[in-house]
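Residue-level structure breakdown
Okay, here's what each chain looks like letter by letter:
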Amino acid sequence: MSTVPREVATAVAAAHDDFADARSELDTLVRIPSISGDPDHVADVDASAAAVADLLRASGLEDVRELRVDGGHPYVVGEWCHAPGAPTVLLYAHHDVQPPGYVDRWTSDPFEPREADGRLFGRGTADDKAGAVAHAAAVRAWLRTAGELPCNVKVMIEGEEEIGSPTLAPFLQAHAAELQSDVLLLADAGNWAVGTPGLTYSLRGLCGVDVRVRATDGPLHSGMAGGAVPDPVLALAGMLASLIDEYGDAAFDGCWDDYEAPGDAERARIAALPQHVDALRRAWGVRDGVTLAGDPAVSLFERLWFRPVVTVIGIDGHPIAGSSNQIVAQAAARVSVRVGRGQDPARLNDALARHLRARVPLGLEIEVTTLDAVPAWHCDPTGWAFDAAERALVAGFGVAPVCMGVGGTIPFVGPFADAFGGIPALLLGPADPGSRIHGEDESLHLGDFRSLIASEAHLLHEIGLHELAQSAGVR
Ligand SMILES: [Zn+2]
(Lines give C-alpha, C1' and ligand atoms only; values in the text may rest on other atoms or scores of the structure.)
Protein backbone atom coordinates (compact mmCIF):
# COMPACT_ATOMS: atom_id res chain seq x y z
CA MET A 1 0.00 0.00 0.00
CA SER A 2 1.33 3.42 -0.92
CA THR A 3 1.73 6.10 1.70
CA VAL A 4 -1.07 8.57 2.25
CA PRO A 5 -0.72 11.61 -0.04
CA ARG A 6 0.11 14.80 1.83
CA GLU A 7 -3.16 16.58 1.08
CA VAL A 8 -5.08 13.64 2.54
CA ALA A 9 -2.99 13.65 5.71
CA THR A 10 -3.51 17.41 5.98
CA ALA A 11 -7.28 17.15 5.57
CA VAL A 12 -7.52 14.35 8.12
CA ALA A 13 -5.35 16.31 10.57
CA ALA A 14 -7.73 19.26 10.11
CA ALA A 15 -10.68 16.99 10.88
CA HIS A 16 -9.01 16.01 14.15
CA ASP A 17 -8.11 19.63 14.96
CA ASP A 18 -11.73 20.69 14.39
CA PHE A 19 -13.26 17.89 16.43
CA ALA A 20 -14.32 20.25 19.24
CA ASP A 21 -16.32 22.23 16.65
CA ALA A 22 -18.03 19.07 15.39
CA ARG A 23 -18.87 18.18 18.97
CA SER A 24 -20.46 21.60 19.65
CA GLU A 25 -22.37 21.47 16.34
CA LEU A 26 -23.76 18.14 17.44
CA ASP A 27 -24.77 19.64 20.81
CA THR A 28 -26.69 22.36 18.96
CA LEU A 29 -28.61 19.81 16.86
CA VAL A 30 -29.37 17.54 19.83
CA ARG A 31 -30.95 20.46 21.71
CA ILE A 32 -33.64 20.68 18.99
CA PRO A 33 -36.36 18.06 19.68
CA SER A 34 -36.97 17.26 16.00
CA ILE A 35 -39.49 14.46 16.60
CA SER A 36 -40.97 13.81 13.16
CA GLY A 37 -43.69 11.49 14.48
CA ASP A 38 -45.23 14.09 16.82
CA PRO A 39 -47.41 16.85 15.30
CA ASP A 40 -46.54 19.08 18.28
CA HIS A 41 -42.92 19.14 17.08
CA VAL A 42 -43.41 20.24 13.47
CA ALA A 43 -41.76 23.59 14.23
CA ASP A 44 -38.81 21.78 15.82
CA VAL A 45 -38.29 19.62 12.73
CA ASP A 46 -38.29 22.85 10.69
CA ALA A 47 -35.83 24.45 13.13
CA SER A 48 -33.62 21.39 12.92
CA ALA A 49 -33.63 21.57 9.10
CA ALA A 50 -32.61 25.24 9.30
CA ALA A 51 -29.76 24.39 11.71
CA VAL A 52 -28.57 21.60 9.41
CA ALA A 53 -28.69 23.97 6.44
CA ASP A 54 -26.50 26.45 8.39
CA LEU A 55 -24.09 23.64 9.20
CA LEU A 56 -23.81 22.51 5.56
CA ARG A 57 -23.31 26.11 4.38
CA ALA A 58 -20.62 26.69 7.00
CA SER A 59 -18.80 23.55 5.82
CA GLY A 60 -18.45 25.10 2.34
CA LEU A 61 -21.18 23.20 0.53
CA GLU A 62 -23.00 25.16 -2.17
CA ASP A 63 -26.60 25.61 -3.21
CA VAL A 64 -27.79 24.47 0.21
CA ARG A 65 -31.57 24.37 0.28
CA GLU A 66 -34.54 22.83 2.01
CA LEU A 67 -36.83 20.73 -0.14
CA ARG A 68 -40.14 19.15 0.68
CA VAL A 69 -42.94 17.52 -1.28
CA ASP A 70 -46.58 16.81 -0.44
CA GLY A 71 -46.39 18.58 2.93
CA GLY A 72 -43.66 16.23 4.20
CA HIS A 73 -40.90 17.24 6.60
CA PRO A 74 -37.97 19.13 5.04
CA TYR A 75 -35.00 17.42 3.41
CA VAL A 76 -31.84 19.54 3.42
CA VAL A 77 -29.61 19.18 0.37
CA GLY A 78 -26.38 20.78 -0.78
CA GLU A 79 -23.49 19.99 -3.08
CA TRP A 80 -19.96 20.66 -4.22
CA CYS A 81 -19.51 19.53 -7.81
CA HIS A 82 -16.24 20.95 -9.14
CA ALA A 83 -14.32 17.72 -9.76
CA PRO A 84 -15.07 17.01 -13.43
CA GLY A 85 -14.62 13.38 -14.37
CA ALA A 86 -14.48 12.23 -10.74
CA PRO A 87 -17.27 10.14 -9.21
CA THR A 88 -20.11 11.76 -7.31
CA VAL A 89 -20.96 10.51 -3.84
CA LEU A 90 -24.30 11.19 -2.18
CA LEU A 91 -23.89 11.57 1.58
CA TYR A 92 -27.06 10.71 3.47
CA ALA A 93 -28.11 11.17 7.10
CA HIS A 94 -31.33 12.23 8.83
CA HIS A 95 -31.99 15.07 11.25
CA ASP A 96 -35.31 13.90 12.71
CA VAL A 97 -35.44 11.76 15.84
CA GLN A 98 -37.61 9.27 17.69
CA PRO A 99 -39.70 10.52 20.62
CA PRO A 100 -37.79 10.29 23.93
CA GLY A 101 -40.07 7.56 25.31
CA TYR A 102 -40.36 7.61 29.11
CA VAL A 103 -38.49 10.81 29.98
CA ASP A 104 -38.25 9.82 33.66
CA ARG A 105 -36.25 6.73 32.66
CA TRP A 106 -33.51 8.90 31.18
CA THR A 107 -30.60 9.71 33.47
CA SER A 108 -30.82 13.33 32.28
CA ASP A 109 -32.84 15.53 29.93
CA PRO A 110 -32.95 13.73 26.54
CA PHE A 111 -32.57 17.03 24.70
CA GLU A 112 -29.68 18.40 26.75
CA PRO A 113 -26.47 16.67 25.65
CA ARG A 114 -24.47 15.24 28.55
CA GLU A 115 -20.98 13.74 28.37
CA ALA A 116 -20.03 10.83 30.59
CA ASP A 117 -17.47 8.02 30.26
CA GLY A 118 -16.42 9.09 26.78
CA ARG A 119 -19.99 9.04 25.51
CA LEU A 120 -22.45 11.78 24.63
CA PHE A 121 -25.97 11.11 25.88
CA GLY A 122 -29.08 12.59 24.28
CA ARG A 123 -31.85 11.76 21.80
CA GLY A 124 -30.45 11.81 18.27
CA THR A 125 -26.78 11.74 19.27
CA ALA A 126 -26.15 8.40 17.54
CA ASP A 127 -29.34 8.23 15.44
CA ASP A 128 -28.56 10.18 13.43
CA LYS A 129 -27.44 13.73 14.09
CA ALA A 130 -23.81 12.63 14.42
CA GLY A 131 -24.13 11.31 10.85
CA ALA A 132 -25.13 14.74 9.57
CA VAL A 133 -22.32 16.44 11.48
CA ALA A 134 -19.76 13.87 10.26
CA HIS A 135 -20.62 14.61 6.61
CA ALA A 136 -20.24 18.35 7.16
CA ALA A 137 -17.01 17.93 9.13
CA ALA A 138 -15.35 15.75 6.47
CA VAL A 139 -16.25 18.20 3.70
CA ARG A 140 -15.06 21.16 5.75
CA ALA A 141 -11.74 19.51 6.58
CA TRP A 142 -10.97 19.19 2.86
CA LEU A 143 -12.23 22.59 1.77
CA ARG A 144 -10.41 24.35 4.64
CA THR A 145 -7.07 22.74 3.72
CA ALA A 146 -6.93 21.72 0.05
CA GLY A 147 -9.56 24.27 -1.04
CA GLU A 148 -11.31 21.55 -3.03
CA LEU A 149 -12.79 18.08 -2.66
CA PRO A 150 -11.23 14.96 -4.26
CA CYS A 151 -14.62 13.93 -5.71
CA ASN A 152 -18.02 15.48 -6.31
CA VAL A 153 -20.25 15.54 -3.26
CA LYS A 154 -23.98 15.83 -2.83
CA VAL A 155 -25.48 15.84 0.62
CA MET A 156 -29.03 14.94 1.60
CA ILE A 157 -30.20 15.14 5.22
CA GLU A 158 -33.70 13.76 5.57
CA GLY A 159 -36.34 14.99 8.04
CA GLU A 160 -38.75 12.04 8.12
CA GLU A 161 -36.68 8.86 8.38
CA GLU A 162 -38.05 7.92 11.79
CA ILE A 163 -41.61 7.80 10.45
CA GLY A 164 -40.70 5.60 7.50
CA SER A 165 -39.93 8.28 4.89
CA PRO A 166 -43.56 8.77 3.79
CA THR A 167 -42.79 11.28 1.01
CA LEU A 168 -39.58 9.66 -0.20
CA ALA A 169 -41.07 8.24 -3.41
CA PRO A 170 -42.49 11.56 -4.68
CA PHE A 171 -39.36 13.33 -3.41
CA LEU A 172 -37.14 11.05 -5.48
CA GLN A 173 -39.37 11.49 -8.48
CA ALA A 174 -39.17 15.27 -8.21
CA HIS A 175 -35.45 15.55 -7.44
CA ALA A 176 -33.74 12.46 -8.85
CA ALA A 177 -31.80 14.42 -11.46
CA GLU A 178 -30.36 16.83 -8.85
CA LEU A 179 -29.28 13.92 -6.65
CA GLN A 180 -27.92 11.61 -9.37
CA SER A 181 -24.75 10.00 -8.03
CA ASP A 182 -22.34 7.11 -8.56
CA VAL A 183 -22.26 5.83 -5.00
CA LEU A 184 -24.34 6.30 -1.86
CA LEU A 185 -22.85 6.74 1.59
CA LEU A 186 -25.42 6.43 4.33
CA ALA A 187 -24.22 7.35 7.79
CA ASP A 188 -27.29 5.91 9.52
CA ALA A 189 -25.96 2.50 10.49
CA GLY A 190 -23.26 1.69 12.96
CA ASN A 191 -20.11 0.06 14.15
CA TRP A 192 -19.56 -3.58 14.92
CA ALA A 193 -18.35 -2.68 18.40
CA VAL A 194 -16.75 0.32 20.06
CA GLY A 195 -13.48 0.83 18.15
CA THR A 196 -14.34 -1.60 15.34
CA PRO A 197 -16.15 -0.10 12.34
CA GLY A 198 -18.91 -1.87 10.46
CA LEU A 199 -19.97 -1.90 6.83
CA THR A 200 -23.60 -2.94 6.59
CA TYR A 201 -24.69 -4.87 3.52
CA SER A 202 -28.00 -6.38 4.67
CA LEU A 203 -31.13 -4.96 6.34
CA ARG A 204 -34.41 -6.52 7.33
CA GLY A 205 -37.72 -5.07 6.17
CA LEU A 206 -40.74 -4.12 8.22
CA CYS A 207 -44.46 -4.77 8.16
CA GLY A 208 -47.23 -5.54 10.64
CA VAL A 209 -50.84 -5.16 11.64
CA ASP A 210 -53.08 -3.57 14.25
CA VAL A 211 -55.50 -6.16 15.61
CA ARG A 212 -58.56 -5.37 17.76
CA VAL A 213 -61.01 -7.84 19.29
CA ARG A 214 -64.33 -6.85 20.84
CA ALA A 215 -66.85 -8.83 22.88
CA THR A 216 -69.41 -6.34 24.18
CA ASP A 217 -70.74 -2.81 23.76
CA GLY A 218 -69.08 -1.64 26.97
CA PRO A 219 -67.26 -2.92 30.08
CA LEU A 220 -69.13 -5.33 32.38
CA HIS A 221 -68.87 -6.25 36.09
CA SER A 222 -66.59 -9.33 36.19
CA GLY A 223 -68.52 -10.81 39.09
CA MET A 224 -71.89 -10.51 37.38
CA ALA A 225 -70.85 -11.41 33.81
CA GLY A 226 -67.61 -13.35 34.36
CA GLY A 227 -68.05 -17.01 33.48
CA ALA A 228 -70.32 -16.19 30.57
CA VAL A 229 -68.86 -13.19 28.78
CA PRO A 230 -65.43 -13.78 27.20
CA ASP A 231 -62.50 -11.59 28.21
CA PRO A 232 -61.13 -9.83 25.08
CA VAL A 233 -57.72 -9.32 26.71
CA LEU A 234 -57.21 -13.05 27.29
CA ALA A 235 -58.63 -13.83 23.87
CA LEU A 236 -56.11 -11.49 22.30
CA ALA A 237 -53.28 -12.80 24.49
CA GLY A 238 -53.94 -16.33 23.23
CA MET A 239 -54.00 -15.17 19.63
CA LEU A 240 -50.72 -13.29 20.08
CA ALA A 241 -49.08 -16.26 21.80
CA SER A 242 -49.84 -18.36 18.71
CA LEU A 243 -47.60 -16.11 16.58
CA ILE A 244 -44.38 -17.67 17.93
CA ASP A 245 -43.01 -21.11 18.75
CA GLU A 246 -41.33 -22.34 21.93
CA TYR A 247 -38.08 -20.55 21.04
CA GLY A 248 -39.80 -17.24 20.37
CA ASP A 249 -39.29 -17.61 16.61
CA ALA A 250 -42.02 -16.43 14.25
CA ALA A 251 -44.52 -19.25 13.72
CA PHE A 252 -47.63 -17.74 12.15
CA ASP A 253 -49.04 -19.52 9.11
CA GLY A 254 -46.97 -18.74 6.03
CA CYS A 255 -44.32 -16.67 7.79
CA TRP A 256 -41.40 -18.71 6.38
CA ASP A 257 -42.79 -19.35 2.89
CA ASP A 258 -40.60 -17.02 0.84
CA TYR A 259 -37.66 -16.66 3.25
CA GLU A 260 -34.25 -16.94 1.57
CA ALA A 261 -31.82 -18.44 4.04
CA PRO A 262 -28.18 -17.44 3.59
CA GLY A 263 -26.06 -19.76 1.47
CA ASP A 264 -23.08 -21.78 2.68
CA ALA A 265 -20.51 -19.10 1.80
CA GLU A 266 -22.38 -16.40 3.68
CA ARG A 267 -22.98 -18.70 6.66
CA ALA A 268 -19.26 -19.47 6.74
CA ARG A 269 -18.43 -15.74 6.73
CA ILE A 270 -20.86 -15.12 9.60
CA ALA A 271 -19.56 -18.10 11.55
CA ALA A 272 -16.06 -16.61 11.34
CA LEU A 273 -17.18 -13.42 13.11
CA PRO A 274 -16.46 -13.08 16.80
CA GLN A 275 -19.56 -14.44 18.57
CA HIS A 276 -19.55 -11.88 21.36
CA VAL A 277 -22.78 -13.08 22.93
CA ASP A 278 -21.87 -11.98 26.46
CA ALA A 279 -20.92 -8.48 25.32
CA LEU A 280 -24.24 -8.20 23.48
CA ARG A 281 -26.15 -9.40 26.54
CA ARG A 282 -24.42 -6.72 28.60
CA ALA A 283 -25.02 -4.02 25.98
CA TRP A 284 -28.71 -4.96 25.86
CA GLY A 285 -29.02 -5.23 29.64
CA VAL A 286 -30.46 -8.77 29.44
CA ARG A 287 -31.22 -9.98 32.99
CA ASP A 288 -29.11 -12.88 34.27
CA GLY A 289 -31.62 -15.72 34.13
CA VAL A 290 -33.05 -14.77 30.74
CA THR A 291 -32.27 -17.10 27.81
CA LEU A 292 -31.88 -15.51 24.36
CA ALA A 293 -34.76 -16.18 21.98
CA GLY A 294 -34.55 -17.99 18.64
CA ASP A 295 -33.75 -21.54 17.60
CA PRO A 296 -30.34 -22.25 19.18
CA ALA A 297 -29.44 -24.40 16.16
CA VAL A 298 -29.39 -21.21 14.05
CA SER A 299 -26.44 -18.83 14.49
CA LEU A 300 -27.07 -15.71 16.52
CA PHE A 301 -26.28 -13.36 13.63
CA GLU A 302 -28.54 -15.21 11.22
CA ARG A 303 -31.32 -14.79 13.80
CA LEU A 304 -30.52 -11.12 14.28
CA TRP A 305 -29.95 -10.05 10.69
CA PHE A 306 -31.84 -12.20 8.22
CA ARG A 307 -34.81 -14.08 9.71
CA PRO A 308 -38.36 -12.78 10.17
CA VAL A 309 -39.24 -11.84 13.75
CA VAL A 310 -42.55 -10.93 15.41
CA THR A 311 -42.79 -8.28 18.14
CA VAL A 312 -45.82 -6.85 19.91
CA ILE A 313 -44.92 -3.16 20.08
CA GLY A 314 -48.13 -1.88 21.65
CA ILE A 315 -51.02 -3.37 23.55
CA ASP A 316 -54.26 -1.81 24.79
CA GLY A 317 -56.52 -3.26 27.46
CA HIS A 318 -57.02 -1.29 30.64
CA PRO A 319 -54.07 0.25 32.53
CA ILE A 320 -53.47 -1.31 35.97
CA ALA A 321 -53.80 2.10 37.55
CA GLY A 322 -57.52 2.81 37.82
CA SER A 323 -58.52 -0.74 36.94
CA SER A 324 -61.53 -2.32 38.63
CA ASN A 325 -63.18 -5.73 38.57
CA GLN A 326 -64.62 -5.53 35.13
CA ILE A 327 -64.38 -7.32 31.80
CA VAL A 328 -63.23 -4.69 29.31
CA ALA A 329 -65.15 -4.48 26.06
CA GLN A 330 -62.19 -4.69 23.69
CA ALA A 331 -58.46 -5.19 23.46
CA ALA A 332 -55.98 -4.29 20.76
CA ALA A 333 -52.34 -4.86 19.83
CA ARG A 334 -49.90 -3.57 17.28
CA VAL A 335 -47.90 -6.48 15.89
CA SER A 336 -44.67 -5.60 14.12
CA VAL A 337 -42.79 -8.01 11.87
CA ARG A 338 -39.17 -7.61 10.80
CA VAL A 339 -39.27 -8.97 7.27
CA GLY A 340 -36.69 -11.61 6.37
CA ARG A 341 -34.53 -11.67 3.27
CA GLY A 342 -36.44 -12.36 0.08
CA GLN A 343 -39.86 -12.00 1.68
CA ASP A 344 -42.78 -10.07 0.22
CA PRO A 345 -43.92 -7.82 3.08
CA ALA A 346 -47.44 -7.35 1.68
CA ARG A 347 -47.85 -11.12 1.56
CA LEU A 348 -46.60 -11.37 5.15
CA ASN A 349 -49.17 -8.79 6.26
CA ASP A 350 -51.93 -10.84 4.60
CA ALA A 351 -50.63 -14.04 6.18
CA LEU A 352 -50.52 -12.41 9.61
CA ALA A 353 -54.07 -11.09 9.26
CA ARG A 354 -55.34 -14.48 8.08
CA HIS A 355 -53.60 -16.27 10.95
CA LEU A 356 -55.16 -13.97 13.56
CA ARG A 357 -58.64 -14.12 12.03
CA ALA A 358 -58.49 -17.92 12.05
CA ARG A 359 -57.69 -17.96 15.78
CA VAL A 360 -60.09 -15.51 17.31
CA PRO A 361 -61.98 -17.52 19.97
CA LEU A 362 -65.68 -17.57 20.81
CA GLY A 363 -66.75 -15.53 17.83
CA LEU A 364 -65.38 -12.20 19.10
CA GLU A 365 -65.47 -9.39 16.57
CA ILE A 366 -62.06 -8.86 15.01
CA GLU A 367 -60.67 -5.96 13.05
CA VAL A 368 -57.24 -6.13 11.41
CA THR A 369 -55.55 -3.15 9.77
CA THR A 370 -52.29 -3.63 7.92
CA LEU A 371 -49.32 -1.28 8.45
CA ASP A 372 -46.69 -0.08 5.98
CA ALA A 373 -44.79 -2.86 4.23
CA VAL A 374 -41.08 -2.48 3.46
CA PRO A 375 -38.99 -5.34 2.01
CA ALA A 376 -35.57 -6.38 3.29
CA TRP A 377 -32.51 -5.16 1.40
CA HIS A 378 -29.06 -6.56 0.78
CA CYS A 379 -26.23 -6.16 -1.67
CA ASP A 380 -23.07 -7.97 -2.60
CA PRO A 381 -20.40 -6.28 -0.45
CA THR A 382 -17.71 -6.32 -3.13
CA GLY A 383 -16.51 -3.94 -5.83
CA TRP A 384 -14.72 -0.62 -6.02
CA ALA A 385 -16.92 1.28 -3.58
CA PHE A 386 -16.61 -1.38 -0.87
CA ASP A 387 -12.86 -1.56 -1.43
CA ALA A 388 -12.65 2.23 -1.07
CA ALA A 389 -14.75 2.16 2.11
CA GLU A 390 -12.68 -0.61 3.61
CA ARG A 391 -9.42 1.29 3.03
CA ALA A 392 -10.95 4.49 4.45
CA LEU A 393 -12.25 2.78 7.58
CA VAL A 394 -8.92 1.06 8.18
CA ALA A 395 -7.27 4.48 7.90
CA GLY A 396 -9.78 6.18 10.21
CA PHE A 397 -10.19 3.52 12.90
CA GLY A 398 -6.90 1.63 12.59
CA VAL A 399 -8.96 -1.58 12.40
CA ALA A 400 -10.56 -3.36 9.43
CA PRO A 401 -14.35 -3.04 9.23
CA VAL A 402 -16.64 -5.98 9.85
CA CYS A 403 -18.96 -6.70 6.96
CA MET A 404 -22.24 -7.02 8.80
CA GLY A 405 -25.98 -7.28 8.58
CA VAL A 406 -28.38 -5.23 10.64
CA GLY A 407 -31.77 -6.44 11.73
CA GLY A 408 -33.33 -2.97 11.46
CA THR A 409 -34.90 -1.29 8.48
CA ILE A 410 -33.92 1.75 6.44
CA PRO A 411 -36.72 2.05 3.86
CA PHE A 412 -34.72 4.63 1.95
CA VAL A 413 -31.86 2.37 0.84
CA GLY A 414 -33.47 0.07 -1.71
CA PRO A 415 -35.55 2.69 -3.59
CA PHE A 416 -32.66 5.14 -3.63
CA ALA A 417 -30.05 2.72 -4.96
CA ASP A 418 -32.59 1.54 -7.55
CA ALA A 419 -33.53 5.08 -8.61
CA PHE A 420 -29.93 5.65 -9.71
CA GLY A 421 -29.56 2.38 -11.58
CA GLY A 422 -28.44 0.09 -8.77
CA ILE A 423 -25.45 2.13 -7.65
CA PRO A 424 -23.45 0.75 -4.71
CA ALA A 425 -24.69 1.73 -1.25
CA LEU A 426 -22.23 2.01 1.64
CA LEU A 427 -23.88 1.92 5.04
CA LEU A 428 -21.84 2.94 8.01
CA GLY A 429 -22.50 5.26 10.88
CA PRO A 430 -21.96 6.53 14.38
CA ALA A 431 -23.92 4.02 16.49
CA ASP A 432 -22.53 0.99 18.33
CA PRO A 433 -24.33 -1.91 20.05
CA GLY A 434 -24.47 0.06 23.32
CA SER A 435 -25.98 3.20 21.77
CA ARG A 436 -29.58 2.33 22.71
CA ILE A 437 -30.93 4.11 19.65
CA HIS A 438 -34.71 4.60 19.92
CA GLY A 439 -34.40 3.80 23.64
CA GLU A 440 -33.81 5.75 26.82
CA ASP A 441 -30.30 7.09 27.46
CA GLU A 442 -29.34 6.99 23.75
CA SER A 443 -25.65 7.77 23.43
CA LEU A 444 -22.75 8.16 21.03
CA HIS A 445 -19.18 6.99 21.60
CA LEU A 446 -17.14 10.17 21.07
CA GLY A 447 -13.94 8.34 20.11
CA ASP A 448 -15.79 6.47 17.37
CA PHE A 449 -17.44 9.71 16.24
CA ARG A 450 -13.97 11.20 15.77
CA SER A 451 -12.80 8.09 13.88
CA LEU A 452 -15.90 8.22 11.67
CA ILE A 453 -15.16 11.80 10.62
CA ALA A 454 -11.53 10.90 9.86
CA SER A 455 -12.71 7.86 7.86
CA GLU A 456 -15.07 10.00 5.81
CA ALA A 457 -12.28 12.45 5.05
CA HIS A 458 -10.23 9.48 3.79
CA LEU A 459 -13.19 8.08 1.89
CA LEU A 460 -13.68 11.24 -0.18
CA HIS A 461 -10.09 10.74 -1.34
CA GLU A 462 -10.57 7.02 -2.01
CA ILE A 463 -13.72 7.66 -4.05
CA GLY A 464 -11.88 10.35 -6.01
CA LEU A 465 -9.30 7.75 -7.08
CA HIS A 466 -11.91 5.66 -8.85
CA GLU A 467 -12.00 6.06 -12.61
CA LEU A 468 -15.61 6.08 -13.68
CA ALA A 469 -15.25 5.43 -17.40
CA GLN A 470 -13.07 2.41 -16.86
CA SER A 471 -15.54 0.66 -14.65
CA ALA A 472 -18.77 1.73 -16.32
CA GLY A 473 -20.93 -1.31 -16.66
CA VAL A 474 -19.07 -3.41 -14.14
CA ARG A 475 -19.80 -1.46 -11.01
ZN1 LIG B 1 -31.60 6.51 11.95
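Residues numbered from 1 in each chain as written. Predicted model: local features only at pLDDT ≥ 70, side-chain atom pairs only at ≥ 80, totals over all residues. Heavy atoms only, no water.

Topologically, A373 is positioned in the loop between β14 (365-370) and β15 (377-378). Classification of A373 as partly exposed rests on a relative accessible area of 36%. Sequence separation of A373 and A346 is 27 residues, and the distance between their C-alpha atoms is 5.8 Å. Other than its neighbours up to four places away in sequence, A373 contacts L206, C207, P345, A346 and N349. (Helix = DSSP H or I, 4+ residues; strand = E, 2+ residues; numbered from the N terminus. Buried < 20%, exposed > 50% of the residue type's maximum accessible area, 1.4 Å probe, protein only. Contact = heavy atoms within 4.5 Å.)

Our next topic: the coordination of the zinc ion. For the zinc ion, the full set of protein donor atoms is H94 (NE2), D127 (OD), D188 (OD) and D188 (OD), at a range of 1.9 to 2.8 Å. Given four donor atoms and angles of 50 to 149° at the metal, the environment of the zinc ion is assigned as irregular. Counting residues between consecutive donors of the zinc ion along the chain gives the motif H-x32-D-x60-D. In this pair, H94 sits in strand β3 (residues 88-94) while D127 sits in helix α4 (residues 125-145), placing the two residues 33 residues apart along the sequence. We classify H94 as buried; its relative accessible area is 0%. (Donors = N, O, S within 2.8 Å, 3.2 Å for Na, K, Ca; no water. Tetrahedral: all angles 85-135°; square planar, octahedral: opposite > 155°, others 65-115°.)

The subject of this paragraph is unusual backbone geometry. Of note, the bond from D127 into D128 is cis; its omega dihedral lies within 30 degrees of zero at 5°. One can find D128 in helix α4. At R436, a position not held by glycine, the phi torsion is positive, near 50°. With respect to the helices, strands and loops of the structure, R436 is situated in the loop between β17 (425-428) and β18 (443-445). Taking relative accessible area as the criterion, R436 reaches 45% and is therefore assigned partly exposed.

This next bit is on the nonpolar core. By size, the foremost hydrophobic cluster in this structure holds 107 residues, and its most contacted members are V153, M156, F416 and F449. A total of 12 residues in this core trace back to one element, the largest contributor, which is α4. Discounting chain neighbours no more than four positions away, the residues touching V153 are L61, G78, E79, W80, C81, V89, L91, V139 and L460. (Core = buried A, V, L, I, M, F, W, Y, C linked by side-chain atoms within 4.5 Å.)

Another point: the pattern of salt bridges. Across all of its chains, the model carries 19 salt bridges by this definition. Across the pair E25 and R140 runs a salt bridge, and its minimum N-O distance is 2.6 Å. Residue E25 is located in helix α2 (residues 19-30), and its partner R140 is located in helix α4; the two are separated by 115 residues in the primary sequence. E266 is the partner of R341 in a salt bridge, and the nearest nitrogen-oxygen pair spans 2.8 Å. Note that R341 is positioned in the loop between β13 (330-339) and α11 (345-358) and E266 in helix α8 (residues 264-271), a separation of 75 residues in sequence. With relative accessibility at 13%, the residue E266 sits in the buried group. Members of the salt-bridge network, linked through shared partners, are R23, D27 and E115. (Salt bridge = Lys/Arg side-chain N within 4 Å of Asp/Glu carboxyl O.)

Further remarks concern the sheet that holds strand β11 (residues 309-316). A sheet is described by the order of its strands in space; here four strands give the open sequence β11-β13-β9-β14, paired in antiparallel fashion. The outermost strands of the open sheet, each flanked by one partner alone, are β11 and β14. Here the average twist between neighbouring strands, direction ignored, is 20°. Inspection of the sheet shows strand β9 (residues 205-214) paired to β14 by six bridges, in the antiparallel sense. For V213, the partnering residue across the bridge sits in β14 and is I366. (Pairing = 2+ DSSP bridges. Axes fitted to C-alpha atoms, helices over the stretch in contact; angles between N-to-C directions.)

Residues P232, A235, L236, M239 and L240 constitute the buried set of helix α7 (residues 232-241). Looking straight down α7, one finds its buried side chains confined to an arc of 135°; they lie on one side. In this structure, the buried residues of α7 make contact with β9, β11, β12 (326-327), β13, α11 and β14. N-capping of α7 is provided by D231, with a side-chain oxygen placed 2.9 Å from the backbone N of V233. (Arc of directions from axis to C-beta. Polar contact = N/O pair within 3.5 Å; in protein donor to acceptor, adjacent residues only side chain to side chain.)

Next up on the list: the sheet that holds strand β4 (residues 114-116). Taking strand neighbours across the sheet as the criterion, the three strands line up as β4-β5-β18 in an open arrangement whose pairing is antiparallel. Two strands lie at the open edges of the sheet, namely β4 and β18, each paired on one side alone. Pairwise comparison of adjacent strand axes, ignoring direction, gives a mean angle of 25° for this sheet. Relative to strand β5 (residues 119-121), β4 runs antiparallel, the two being bridged by three bridges. The residue of β5 that forms the bridge with R114 is F121. Helix-sheet contacts for helix α14 (residues 446-465) involve β4, β5 and β18, and the interaxial angle to β18 is about 60°.

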